[in-house]
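# Close look at the chain arrangement
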Amino acid sequence: MVREASVSYGDTAVLRSVDLDVRAGGIVALLGPSGCGKTTMLRAIAGLEHLDAGQIEVGGTLVSGPSRHVAPERRNVGMVFQDWALFPHLSVARNVAYGLGRGADEARVAEVLDLVGLSGFGDRSPQNLSGGQQQRVALARALAPSPTALLLDEPFSNLDTALRVEIRTEVHRLLSSLDVTTIFVTHDQDEAFILGDEVAVMANGRIVQQGSPQALYARPASPWIAAFVGEANLVVGTAAGTVATTPVGAIQLSEACHGDCEVLLRPEELELAAEGPGVVGLVEYYGHDTTYEVELPDTTVVRVRMTSTPKFATGDRVQVRHIGGTTVAYALAG
Amino acid sequence: MAVLQTSTDLPAPLGRSTRAPSAPWWFLLIGLVLAAVFAAPLVYVIVRNIQDVSRLDEHFTSSATWDPLGRSLLLASSVAVTATAFGTALAWITTRSDIPLRRLWMLVAPLPLVFPSFVGATALISGFAKGGLLDRAVGPLGFELPELAGFWAALFVLTLFTYPYVYLPVAARLRFLPSSFEESARVLGRTPRQVFTSVVVPQLLAPITAGGLLVFLYTVSDFGAVQLLRYDTLTRVIYANSLADQPRVMALSLLLGIVAVLAVAAERALGRNHSESAMSNRATGLTVPLGRWRWPTFAAVAAFVGFALIGPLASLAHWTVRGAASSRARGALAIPTDGLGEAIGNTVLVSILAAVATVVLVLPIAYLVARHRSRTGMVADGLVTAGFALPGLVLGLSLVFWALSNDFLFRFYQTLPLLILGYVIHFGAQANRATQIAVASVPTRLDESARMLGAGRARRFITVDAPLMMPGLLAAGGLVLLSTMKELPATLFLRPTGFDTLSTRIWASMDNLSFAKAGLESMILLAVSAVLTWFLVLRRSDAL
């Protein structure tokens, strides 16, 4: 869908030759730290930014290309803005009807409002709604004209933490039932993994890896991605083929590696046993699990997560064992 | 007065470097055409002088040129100093001291703004004149009042009616100055007096200088008051020669224009450099007790406000009542009111036309500046400001001379369209600021949102921008409406023959020394504009 898209502001390249494919009906999360270009990417698909190079197709139609720029209002792409951008002077119903043009179909408005669970809110003014309700109005407004694709810019970042999880589940349920091609931007790994069929990780204006959440978590393409999509211990070891020798023992690798390398060990793939060379430095109890920070004899510090109440205390001597399957290793340069 | 910053230095939303959407070529073209219109009178004055360059030498070596310029600069600087002193003192007293009836003074202090200088001068001259209010009050005591004329009279009158230009920004700054500055200085061991000079005054420098420059500009451009008070500044000399010697008038106009443009440029440059430091958004409760100076201060403030507001009003009312009384005694109207209704109608008509036309014409420029951050827009913005800098007298004269020398323009000589055009150019800058704020107040996201929903340019403007900008546009139009009602010299030169507004009637009445008639007409003008000022300016002064 997106081919080698590039956008620059003056001398600053914001998007560098980005490729992104989205399956019809699929949901793709653009995940990346702030300033990585993910919002620019979204705005380019919307037509709000002009491409300097590359091309964008929506539903098989070229909308941005070398000599072509379809105006945003002609793309039939729906967008929900970070702050929802509801028209403050229009009622909820008229906000939703806005994209339907003149002679707006009242039945369609009612239908979409019902879809987002806001039947009967049509006459309200957006300012008098809660954050979650405003977000649903924005979603209803974007969906009303039956867009070819739906774009969501940081859809939950304006909600407070308590509400966020609840709304996220609601939107998840809604999007799963709708079968509309969706791209959303987030900096939150949980959001990306929960909502996205696929996740595209962006950094410095490039997509550095795209794949299913599971693949991304288990086989990140670089140490940076490994740490960005979850908690990661990157333990230095020596690899010979598909086996690496590390301070926590021999680890099976899914892909061969040779020489000095960093081995990815997720905290939940490690466990502790009493009596060993490691020393517990810190105990963090989260309720559903407990995370220990353990210092090994060679001064490597690893985080270990166990789904139990704390069994060890700071200063206890422990042994760290790997209980996961195969993992990945990254060759250390030099 | 540092209003422009808010629209041009808008932070990118959420710190992201979003490009402002670029404007289509035809929109830039509209901006350029409008810019040319606003720059036209200034350009005409310059071109005329270049054409008559051989005689320029003669004008610029003659004391007949430099003496009036010297008087203009002397008067403008003096008024700027006195108005700044009184305005700042009054601002401090009404916001920080425990003067009795503080809230009342706060409310009343900006009101002399409603007096156009020639009405203020009218009121005071008639009050000092034989049979005037002040003459009647002190006459029986054996005092002979001096005739109100000359430098000191002009200084006195203009100070009384221009100090609000300093008072308003300084009071606003004081009201929102975080008390933590002063409190921390006190905690660090400074006395209240030291705190004032070391903490408060530096914070006020920006509004004081900006206000002072506005007063300077107002005075240097003023025509009505100096003419009535017979002090020969540049404007008065220009007026006296206006029909006799065009090249000389154009040369003097150029001089005056240069001085005014420099003053405006200085004010703008200043506004840009002084980034306001922390502002607290609630009124602070720091009050300085005046002690034994409490009642003397009260008396001084009362006297000052008396001269600036109550006195002039009373004087106008006094003459009106006297006129009415004598007409009853004689059984005939001593105040001729024929044509008064028409003049009121004309005033309202041209003011509304000017307000609407101005807002419509600055709106594209405001869009270019606030929405598109376009370079063309910035240039147009600067030229609109230049139109404001050109004194009304020079603007009116240059349009008249141009119309007289150009076959096409001659068709519009002494017609309503040319009069309205004059107002638009003169007051464009006032509407421009407020309009830019109105445009900037509509978040770009809403426009983008409407685009994503398939709305084209026209539909977006009608359904999203226009309704959201309406309050701001009304305020912008209101400012022009008020200024137009009070404008004298441009009206005098550009009006169609026989077309009277309240301003021109007051002027004519003063020419005949018909104090009673001038009093009545001034009262009507003030009543209409006071009501409008209250609704449009003072009630929203925090938004401007």
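Residues numbered from 1 in each chain as written. Chains lettered and ligands numbered in written order. Predicted model: local features only at pLDDT ≥ 70, side-chain atom pairs only at ≥ 80, totals over all residues. Heavy atoms only, no water.

## With respect to the overall build of chain A
Helix and strand counts for chain A stand at eight helices and 18 strands. A burial count over chain A gives 51% of its 334 residues as buried. Restricting the contact set of chain A to residue pairs at least 6 apart, pairs at least 24 apart contribute 63%. Counting only carbon and sulfur atoms, one obtains 48% of the accessible surface of chain A, whose full area is about 14600 Å². (Helix = DSSP H or I, 4+ residues; strand = E, 2+ residues; numbered from the N terminus. Buried < 20%, exposed > 50% of the residue type's maximum accessible area, 1.4 Å probe, protein only. Contact = heavy atoms within 4.5 Å. Areas by Shrake-Rupley, 256 points an atom, 1.4 Å probe, with all protein chains shown as cover.)

## Thoughts on the pattern of salt bridges
Side chains that carry opposite charge are capable of pairing whenever their charged atoms lie near each other. Residue and element names in this part refer to chain A. In this structure the tally under the stated criterion is 25 salt bridges over all chains. Salt-bridge contacts for Asp-289 lead to Arg-305; the nearest nitrogen and oxygen are separated by 3.9 Å. Separated by 16 residues along the polypeptide, Asp-289 in the loop between strand 14 (270–285) and strand 15 (290–295) and Arg-305 in strand 16 (residues 301–306) bring together distant segments of the chain. Residue classification places Arg-305 among the partly exposed positions, given a relative accessible area of 23%. A salt bridge links Glu-293 to Arg-303; the shortest N-O distance between them is 3.1 Å. One end of the pair, Glu-293, is in strand 15; the other, Arg-303, is in strand 16, with ten residues separating them in the sequence. The exposure class assigned to Glu-293 is partly exposed, which follows from its relative accessible area of 26%. Salt bridges linked by common partners bring Glu-231, Glu-268, Glu-284, Asp-289, Glu-293, Arg-303 and Arg-305 together as one network. (Salt bridge = Lys/Arg side-chain N within 4 Å of Asp/Glu carboxyl O.)

## Topic: the domain arrangement of chain A
All names here are of chain A. Considered domain by domain, chain A is made up of domain 1 (2–227) and domain 2 (231–331). Once you take the C-alpha centre of each, domain 1 and domain 2 turn out to be 38 Å apart. Counting residues at the interface gives nine residues for domain 1, matched by eleven residues for domain 2. Ranking the residues of domain 1 by area buried against domain 2 places Tyr-217, Arg-219 and Pro-223 at the top, with a combined share of 62%. (Domains from an automatic or database assignment. Buried area = accessible area lost by both parts, 1.4 Å probe.)

## What to know about the packing of aromatic side chains
Residues and elements named next belong to chain B. Under the criterion given, the structure shown has 24 aromatic pairs over all chains. An angle of 15 degrees between the planes, with centres 5.1 Å apart, marks the rings of Tyr-44 and Trp-402 as stacked. Of the two residues, Tyr-44 sits in helix 2 (residues 25–51) while Trp-402 sits in helix 18 (residues 392–405), which places them 358 residues apart along the sequence. By relative accessible area, Trp-402 is classed as partly exposed at 26%. Ring plane angle 15 degrees and centroid distance 4.6 Å describe the contact between Phe-86 and Phe-304, whose orientation is recorded as stacked. Taken together, the residues span a long stretch of sequence, with Phe-86 in helix 4 (residues 63–96) and Phe-304 in helix 15 (residues 294–330) at a distance of 218 residues. Here Phe-86 falls in the partly exposed class, since its relative accessible area comes to 41%. (Phe/Tyr/Trp six-rings, centres within 6.5 Å; stacked < 30°, edge-to-face > 60°.)

## Here's the deal with the interface of chain B and chain A
At the interface, 22 residues of chain B touch 31 residues of chain A. Between the two partners, chain B and chain A, sit four salt bridges. The salt bridge partner of Arg-460 of chain B is Glu-73 of chain A, with a shortest N-O separation of 3.6 Å. Taken together, the links from chain B to chain A amount to seven residue pairs in polar contact (both at pLDDT 80 or more). Those elements that place two or more of their residues in the side of chain B that touches chain A are helix 21 (444–452) and helix 22 (457–486) of chain B. Residues that form the side of chain B that touches chain A fall into these classes: nine nonpolar, six polar and seven charged. (Polar contact = N/O pair within 3.5 Å; in protein donor to acceptor, adjacent residues only side chain to side chain. Nonpolar A, V, L, I, M, F, W, Y, C, P; charged D, E, K, R; others polar.)

## Notes on the packing of helix 10 (residues 179–187) of chain B against helix 11 (residues 192–221) of chain B
In a pair of packed helices, the angle between the axes and the distance between the axes together describe the arrangement. All names here are of chain B. Where helix 10 contacts helix 11, the two axes come as close as 10 Å, and the packing angle between them is 145 degrees. Here helix 10 and helix 11 pass one another in a crossing that is right-handed. Between helix 10 and helix 11, the contacting residues are Phe-181, Glu-182, Ala-185 and Arg-186 on the first element and Pro-192, Val-195, Val-199, Val-200 and Gln-203 on the second. Of the residues that constitute the contact of helix 10 with helix 11, the class distribution is six nonpolar, one polar and two charged. (Axes fitted to C-alpha atoms, helices over the stretch in contact; angles between N-to-C directions. Left-handed = near helix turned anticlockwise from the far one by under 90°.)

## Considerations on the sheet that holds strand 18 (residues 329–331) of chain A
Strand pairing in a sheet takes place through backbone hydrogen bonds and is either antiparallel or parallel in direction. All names here are of chain A. Taken in spatial order, the three strands of this open sheet run 12-13-18, and their pairing is antiparallel. In this open sheet, the two edge strands, each paired with only one partner strand, are strand 12 (233–246) and strand 18. Mean inter-strand twist for the sheet, computed between neighbouring axes without regard to direction, equals 45 degrees. (Pairing = 2+ DSSP bridges.)

## Focus: the side chain of Thr-347 of chain B
Here Thr-347 of chain B shows up in helix 16 (residues 340–371). Here Thr-347 of chain B is in contact with Met-485, Thr-501 and Leu-502 of chain B, once residues within four sequence places are set aside.

## Quick notes on a nonpolar patch on the surface
Residues and elements named next belong to chain B. Taken together, the side chains of Trp-25, Trp-26, Leu-29, Ile-30, Leu-32 and Val-33 make up a nonpolar region of the molecular surface, amounting to roughly 620 Å² of accessible area. Relative to the elements of secondary structure, Val-33 occurs in helix 2. Given the relative accessible area of 49%, Val-33 is considered partly exposed. (Patch = residues over 30% accessible without salt bridge, like charges linked within 9 Å, V, L, I, M, F, W, Y side chains within 5 Å.)

## Notes on the pairing of strand 8 (residues 149–153) of chain A
All names here are of chain A. Where burial is concerned, most of strand 8 is hidden: five out of the five residues are buried. Sheet topology places strand 7 (residues 77–80) next to strand 8; four bridges connect them, and they run parallel. Pairing of Met-79 across the sheet is with Leu-151, part of strand 8. In this structure, strand 8 lies alongside strand 9 (residues 181–186), joined through five bridges in parallel fashion. Each residue of the ladder has a partner; that of Asp-153, found in strand 9, is Val-185.

## Focus: helix 10 of chain B
Residues and elements named next belong to chain B. All of the buried residues along helix 10 are Ser-179, Glu-182 and Ala-185. Within helix 10, the buried residues cover an arc of 130 degrees as seen down the axis, which keeps them to one side. Among the structural elements, helix 4 and helix 11 are those in contact with the buried residues of helix 10. Remark: Gly-189 follows helix 10 within two positions and exhibits a positive phi of approximately 100 degrees. (Arc of directions from axis to C-beta.)

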